[in-house]
Structures are given as C-alpha cells and as structure tokens.
Amino acid sequence: MHLLELLLTAVGLAMDAFAVSICKGLGMRKMRYGQAVVIALYFGVFQAIMPLIGWLLGTSFSQYIQAFDHWIAFVLLLLIGGKMVIDTIREEGTQTGTAADEKLHHKELLMLAIATSIDALAVGIAFACLQVDMWSSVSMIGIVTFVLCCCGVWIGNRFGNRFEKKAAIAGGIVLVIIGTKVLVQHLLQGT
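Notes on the structure in this doc start here. Just so it is clear, the model here is predicted, and its values are computed rather than measured.

**Quick notes on the nonpolar core**
Consideration 1: Among the nonpolar cores identified, the biggest contains 25 residues, and F18, V123, F127, M134 and L148 are the most heavily contacted of them.
Consideration 2: Elements supplying a minimum of two residues to this core: α1 (3-26), α2 (33-60), α3 (69-90), α4 (106-130) and α5 (134-159).
Consideration 3: Looking at this core element by element, the count peaks at 7 residues for α1.
Consideration 4: In this structure, A17, A36, A40 and Y42 belong to the second largest nonpolar core, which totals 15 residues.

Here's what the structure looks like:
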C-alpha cells in the first residue's frame, strides 16, 4: 500500500471520530484546548490499536485465505465505507449535546472511541491480507485521527454542525474507493 493510499485510509477511518469530535465541540461554550486534546487522544489511540488487533487476528489465519484475500479486503472496505455513508444519510436531527455540557465524561468517550474504531478492526484484518507495514500504518492512522479530532472539536465549537455529515460521507466513500482499487488491482495482476 502506497503512502497516499495509507493516508487516505487513515483519513477515511478517522471520519467517524472527526464527526463525533465536531459534536463535542458543539457542546462547548468556548473552546477548551485541553479537552480537545483529551478527546483526540481517546479517538487516536483506539483508531491505532484496533487495526493492530485486526492485523494480529488476520495474520494468524492469512496463509489459509491468500487465494481470496483481495476479495476479503474489498468486501470489508465496501461494507465499512457503505455503512458509514448509509448511517450518515439515515441520521435525522439527532441531538449531540448542548452548550452547557462542558465536562468530559471519560466513560462516554471510551464508548465513543470503541464504537468509532470498530471499522478500524476490520481494516486491520484487510491489512493482514494486503501485507502492509503495520507499524507505519498504525502510526499514521493514530496521528491522522488525533489531528483531525483536534480540528473537529475546534470546527464544532467555531462553525457548528454544517460539516459533520459531509465528513462522514466523504470518509465512507474514500474507503469504498480504496477497497475497489485493491480488488481491481489484484484482478488485473492475476490476468
């Protein structure tokens, strides 16, 4: 996987966390940079750990699935990206919080971090099939997520919820495109 593909994958995976970070920013009367860093750390760490777990699971049985690993990567990325797009489109006027919600709730952040990183677990399994450098991938995913979540809190605080749905849809589309590219590339190499 090339650096640009890895970067796009990291951005795509981070979009759920980015959208939640925007929601957290909406709940702040004024920008609190310390809270933004804590929020971003939760999401960045989980987005980095989950693909590593998926990769460990995937490498333990990759020798049995090499003949059709490109299909697994394609289906996983298609399902994850498609689900992100569909879930975002289906959401109608969900409440994210009010300006009075300034205190961070660590249990809530933990649950949000886990929920938004489940797709990264599946991507880790796909990474095992694609033979990527896992340490650089995990680092890139964690750093990109951290930076985007810091920006998301600021954007939410500054501009409101105008970009939340667009970011989640864009992330889903990026994952679908990368999954399709993996499949097409492998099929073309096989002929």
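There is more to say after this.
**With respect to α4**
Consideration 1: Its 25 residues place the ends of α4 35 Å apart at the C-alpha level, agreeing with the 36 Å of an ideal helix rising 1.5 Å per residue.
Consideration 2: At S117, α4 shows its maximal kink, close to 40 degrees.
Consideration 3: Note on α4: the residue one or two positions beyond its end, Q131, has a positive phi of about 55 degrees.

**Focus on the packing of α1 against α4**
Consideration 1: It is at 11 Å that the axes of α1 and α4 come closest, and there the two elements cross at 165 degrees. As the angle between them shows, α1 and α4 are arranged roughly antiparallel. Between α1 and α4 lies a crossing whose hand is right-handed. Every residue of α4 that contacts α1 at L6, T9, L13, D16, A17, V20 and K24 is listed here: E108, L109, L112, T116, D119, A120, V123 and F127.
Consideration 2: Considered class by class, the residues forming the contact of α1 with α4 number 9 nonpolar, 2 polar and 4 charged.

**What about the packing of α1 against α2?**
Consideration 1: Two elements in contact, α1 and α2, have axes whose closest approach is 10 Å; the angle formed by their N-to-C orientations is 165 degrees. Our classification of the angle between α1 and α2 gives roughly antiparallel. In terms of crossing hand, the pair formed by α1 and α2 is right-handed. On α2, the residues touching L13, A17, V20, S21 and K24 of α1 are I39, F43 and Q47.
Consideration 2: When grouped by side-chain class, the residues that make up the contact of α1 with α2 number 5 nonpolar, 2 polar and 1 charged.

Parameters at a glance
- Residues numbered from 1 in each chain as written.
- Predicted model: local features only at pLDDT ≥ 70, side-chain atom pairs only at ≥ 80, totals over all residues.
- Heavy atoms only, no water.
- Core = buried A, V, L, I, M, F, W, Y, C linked by side-chain atoms within 4.5 Å.
- Buried < 20%, exposed > 50% of the residue type's maximum accessible area, 1.4 Å probe, protein only.
- Helix = DSSP H or I, 4+ residues; strand = E, 2+ residues; numbered from the N terminus.
- Expected span 1.5 Å × (residues − 1).
- Bend = angle between axes of the 7 residues up to and from the residue.
- Axes fitted to C-alpha atoms, helices over the stretch in contact; angles between N-to-C directions.
- Parallel < 35°, antiparallel > 145°, perpendicular 65-115°, else oblique.
- Left-handed = near helix turned anticlockwise from the far one by under 90°.
- Contact = heavy atoms within 4.5 Å.
- Nonpolar A, V, L, I, M, F, W, Y, C, P; charged D, E, K, R; others polar.

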